[in-house]
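Residues per chain, in single letters:
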Amino acid sequence: MIYDALLVLWDCSQTNAPQPVPHTYANEGDAEIYNRIYSIAKSHHKIQNFVLGTAFHSRKSQTAAGHKSYGLYGQALSEGISMVLQSYKKTLKEVEELIIENPNYTLALLYSYVEKFQGLFNTLNRIISTIKERRLMGCQILSLIHQYILNGNKMVHEAVVQIFSCINTIFINQLCTWLLYGELRDPYQEFFIYQMKKNDASDTFISTPSSTNTCDKSLVSTLQQTPLDCGYNLNPNMIPYFIPLSLAQEILFIGKTVILFGFDPKKVKKSKSFTINRPMLTLQKIDADSRRFTIWEEKESEFHEKMQKLKTLEEFEVHNLRSVVREIKECVTKHLWTVAVEEAQLLHELRLMKDFYLIGRGELFLELLRLTAPMLDKPTTRTSTRDMNHAFQLAARAVFLSNSADIEKFSFELPYVKPNISANSSVGDDSSTVADGWSSIILKYDFKWPLHLLFAPEVLARYNDMFRLLLRIKKTQHDLHSLWKTYKQSTRFSMCQLHNKLMFLMDNLQHYLQADVLETNFSRLMDAVNRTNDFEKLKRAHATFLADILSQSFLTVTSGDNDSGDTLDSINNPVFCNIMELLKLCHSFCSMSEFVSDKEAENYYIRGYSDRFNKLVKQLMQLLVSLRDRPCGVYLARLLMRLDYNRWLSGEAQLTQSVTNMLRY
């Protein structure tokens, strides 16, 4: 019987066949011992079948036949289990030699040698069953093995560690290749990063007028996110459970950035927007050796050595992996900062954004408003974009900027929307109205590579929101000042008083936006850019700058419940709506001479405008005071003090107390 048991343990008999029942046993209890030996042999047989089904030759034959295989991770698992089973086979060899020397040994001796493998075989069979039932593959197998490392049985613990090291070797090799060279060697789609297909749908930012968008994330985080144009993304189902999502995103970012430097930007076709679902054109690659030397600066071997150390479980801890990834990311971002700041002249480009999007070139836009104001007052037509860009060139020539290369980087677009007029629609129907040029104008910017990482479509859309507000305020202020010649010798006190009130309000609002908001925050941005050499910190500073000016310009509102101080978009910001109503009132006042013919009608409109002005100012004061506890409250306090420095405006608005008194409480 002992020789039969040895054959069963060596997996030389048909273990799947029904268990044989010997007629006689040498000692009492041998039947129970044989059953236990047979159970161990059966567990070993299941493991051996899995090893044969996932080995190298099996994987190759399954791949050639077009069948789904367990891939490289399954093969590594098979090799790890084979290494673990060597101790089992060595034990069988030892006990077999003892039995040959002394045939009088019983089944109890044989069982005493193989009993210790029962717990190991049970654990391995549980792992195999889980893989088959859940159809796990790739990094999912790595996660599963990692969960079995903590075990009270020393033999099981050491065996699982040995298996994990085999699988982890594949994982680290793929990770190292992606981080250092931007190459994804994953023929069986087992890594947690995958290359997207052309027809994959993905969320992209679209640069369209959107002053009242809503988002679930903080505005700073949204503006900081930049879709890299490399066609790779995360597969959440494949991310190992011990790797946080933030770390996986950093790994993805590093590989994408390395890929980004592998292309000659002069050979990449220009496009209107950078979107994820259209991969970057691989027209001309830079030499791989020069690219690596430029990025890593002789640190490639150091990073490679640190990555290889992570193959052992003693070194493979999440904090060790995070530390190596952070070092690689720091090197990549420093090189990216060098390219963006020194080669692409980021500081100069930021000043251009301020001069054009934030109307820092006041003389240029005053001339542009003089040429295009009548056109922007009307709904857009098919030729509006061409006419607007022609006027822009004429305005640049008038202020002696036509020879500047910076002018060529900017252009305008006035999207034409065909009015939806049906037979049943009336003249006053909202569905048949078309927005005018002021609300639909888009300023485009042709920036240098790789500044698309900083000026993403969502960022440019926010800049356009700010541009439309500033342009409208500039136009209103210019129109009010143009009326000064008309009313300076007028004897109509009520008209002159209303005109002065409107000019006072617009002048202070313009000064608040340009001096207190834009200049202050832009100076803070330039200081942050000059202090850092990390592109990620630079991008964070720019996102914070844009979020701050949007919040302080009432295009967004700050959430009071958010302790972090992040700004969130809000539909129909009441302060912004109030300012827009004031701009409409100013526009009506400036164009009053076009539809008023006699003095009686003029008095009627003046009284109506005055009442409307007092109502809007009262509402504006109350809204601004209610926002004084927000992060932008310091700047709002300056605006309030300018508007009501002598308590005259609050008295005219018939407030119960002055703004200065309300700010005390």
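Just so you know, these numbers come straight off a predicted model, no measurement behind them.

So, how was this worked out
- Residues numbered from 1 in each chain as written.
- Predicted model: local features only at pLDDT ≥ 70, side-chain atom pairs only at ≥ 80, totals over all residues.
- Heavy atoms only, no water.
- Helix = DSSP H or I, 4+ residues; strand = E, 2+ residues; numbered from the N terminus.
- Contact = heavy atoms within 4.5 Å.
- Areas by Shrake-Rupley, 256 points an atom, 1.4 Å probe, with all protein chains shown as cover.
- Axes fitted to C-alpha atoms, helices over the stretch in contact; angles between N-to-C directions.
- Parallel < 35°, antiparallel > 145°, perpendicular 65-115°, else oblique.
- Left-handed = near helix turned anticlockwise from the far one by under 90°.
- Nonpolar A, V, L, I, M, F, W, Y, C, P; charged D, E, K, R; others polar.
- pLDDT = per-residue confidence, 0-100.
- Buried < 20%, exposed > 50% of the residue type's maximum accessible area, 1.4 Å probe, protein only.
- Pairing = 2+ DSSP bridges.
- Core = buried A, V, L, I, M, F, W, Y, C linked by side-chain atoms within 4.5 Å.

Asker: Explain the overall build of the protein chain to me, and be specific about the residues and the numbers.
Answerer: Summing up its helical and strand segments, the protein chain has 27 helices and six strands in all. Look at the contacts in the protein chain between residues 6 or more apart in sequence, and 75% of them connect residues 24 or more apart. A total accessible area of about 33,100 Å² is found for the protein chain, and carbon and sulfur atoms account for 50% of it.

Asker: Could you give an account of the packing of helix 6 (residues 118-134) against helix 8 (residues 154-181), with specific residues and numbers?
Answerer: Contact geometry for helix 6 and helix 8: axes closest at 9 Å, N-to-C directions at 40°. As the angle between them shows, helix 6 and helix 8 are arranged oblique. When the axes of helix 6 and helix 8 are compared, the crossing they make is right-handed. Each of G119, L120, T123 and L124 in helix 6 lies in contact with helix 8, whose residues at this interface are M155, V156, A159 and I163. A breakdown of the residues in the contact of helix 6 with helix 8 according to their chemical character gives six nonpolar, two polar and no charged.

Asker: Explain the confidence of the model for the protein chain to me, and be specific about the residues and the numbers.
Answerer: Taken residue by residue, the protein chain gives an average pLDDT of 79. The fraction at 70 or more is 75%. The model gives residues 266-293 a pLDDT under 50, and that stretch makes 51 contacts with residues more than four places away or in other chains. Within the model, pLDDT remains below 50 along residues 425-432, and this stretch shows seven contacts once partners closer than five positions in the same chain are excluded.

Asker: Could you give an account of the environment of L620, with specific residues and numbers?
Answerer: Topologically, L620 is positioned in helix 24 (residues 599-626). Residue classification places L620 among the buried residues on the basis of a relative accessible area of 6%. Between the alpha carbons of L620 and P574 there is a distance of 8.7 Å; along the sequence they are 46 residues apart. The residues touching L620, leaving out its near neighbours within four places in the chain, are V575, N578 and L582.

Asker: I'd like a description of the pairing of strand 3 (residues 410-413), backed by residues and values.
Answerer: By the alternation rule, side chains of strand 3 split into F410 and F412, which are all buried, and S411 and E413, of which none is buried. In the sheet, strand 3 pairs with strand 4 (residues 442-445) via four bridges, with the strands oriented antiparallel. Bridge pairing in strand 4 places E413 opposite I442.

Asker: Could you give an account of the environment of L443, naming the residues involved and the relevant values?
Answerer: Note on placement: L443 falls in strand 4. The spatial distance from the C-alpha of L443 to the C-alpha of L460 is 8.7 Å, given a sequence separation of 17 residues. Non-local contacts of L443, meaning those with residues more than four positions away in its chain, are made with F356, Y357, F410, S411, F412, N464 and F467.

Asker: Explain the nonpolar core residue by residue, including any values.
Answerer: Ranked by size, the top nonpolar core spans 193 residues in total, and within it F171, L175, F192, I328, L364, F455 and F589 carry the most contacts. No other element matches helix 20 (residues 493-531), which puts 16 residues into this core.

Asker: Explain the environment of P187 residue by residue, including any values.
Answerer: Following the sequence through the fold, P187 ends up in the loop between helix 8 and strand 1 (193-195). Counting along the chain gives 116 residues from P187 to G71, while the straight-line C-alpha distance between them is 8.2 Å.

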